[in-house]
Amino acid sequence: MSRVAMTVNGRKVSRECEDRTLLVHFLRDHLSLTGTHVGCDTSQCGACVVYMDGRAVKSCTILAAQAAGSEILTIEGLAAGGDLHPVQAAFKANHGLQCGFCTPGMVMSAVDMINRYGADLDEKTVRENLEGNICRCTGYHNIVKAILAAAQEMGAAGRQAAE
């Protein structure tokens, strides 16, 4: 057992856990942050995507001890207060979810994608970047539509802030 300390969603946390504990299980089992899902434990599905030090990572591939000292952002920390993040709002407005199991990972991946490409995202780029995220319910059409809408919204907000 080791004590692992990190900052999660802006809050400093420290817990004892087994050395073999994956970050996804640390978040879910030790911190009760169950928005990050375990879909495969093999990094195939993307349901476990979180940010570690500003980078999107699949938390089923990282030991909690490897994240010690890091800043972690989960789906629970994405919204500001009671307001949905623009990507969450776009998923809701564009029906970018069905059962919701893949949604946290899709949203976290979408935010990363928009941060990297900005409002210049196109459908081909979105589909290519979603290859590491599996949704077993949809044909991805509304997910792609939601990501493109969020990119436009976030790009417009960024342009307005700069003016």
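Residues numbered from 1 in each chain as written. Predicted model: local features only at pLDDT ≥ 70, side-chain atom pairs only at ≥ 80, totals over all residues. Heavy atoms only, no water.

- As annotated in an unreviewed UniProt entry, the protein chain is (2Fe-2S)-binding protein from Shinella pollutisoli.

**Things to note about the sheet that holds strand β3 (residues 49-52)**
Argument step 1. Taken together, the 5 strands give an open sheet; going across it, the order is β2-β1-β5-β3-β4, and neighbouring strands pair in mixed fashion. Either end of the sheet is taken by a strand with one partner, and the two such strands are β2 (11-17) and β4 (55-58). Averaged over all pairs of adjacent strands, the angle between strand axes in this sheet comes to 40°, irrespective of strand direction.
Argument step 2. Pairing between β3 and β4: 4 bridges, direction antiparallel. Considered in β4, the bridge of V49 is made with K58.
Argument step 3. Contacts from helix α1 (residues 23-30) reach β1 (2-8), β2, β3 and β5 (71-73) within the one sheet, and its direction differs from that of β2 by about 100°. (Pairing = 2+ DSSP bridges. Helix = DSSP H or I, 4+ residues; strand = E, 2+ residues; numbered from the N terminus. Axes fitted to C-alpha atoms, helices over the stretch in contact; angles between N-to-C directions. Contact = heavy atoms within 4.5 Å.)

**Topic: the environment of V144**
Argument step 1. Here V144 lies in helix α5 (residues 141-162).
Argument step 2. Taking the C-alpha atoms as reference, V144 lies 22 Å from E76; in sequence the two are 68 residues apart.
Argument step 3. In this structure, V144 is in contact with E123, V126, R127 and L130, ignoring residues within four places of it in sequence.

**Here's the deal with the pattern of salt bridges**
Argument step 1. Tallied over the entire structure, the rule returns 5 salt bridges.
Argument step 2. Between D112 and R116 there is a salt bridge, and its shortest N-O distance comes to 3.0 Å. With D112 and R116 both in helix α3 (residues 103-117) and 4 residues apart, this pair spans about one turn of that helix.
Argument step 3. Residue classification places D112 among the buried positions, given a relative accessible area of 15%.
Argument step 4. The exposure class of R116 is partly exposed, given its relative accessible area of 47%. (Salt bridge = Lys/Arg side-chain N within 4 Å of Asp/Glu carboxyl O. Buried < 20%, exposed > 50% of the residue type's maximum accessible area, 1.4 Å probe, protein only.)

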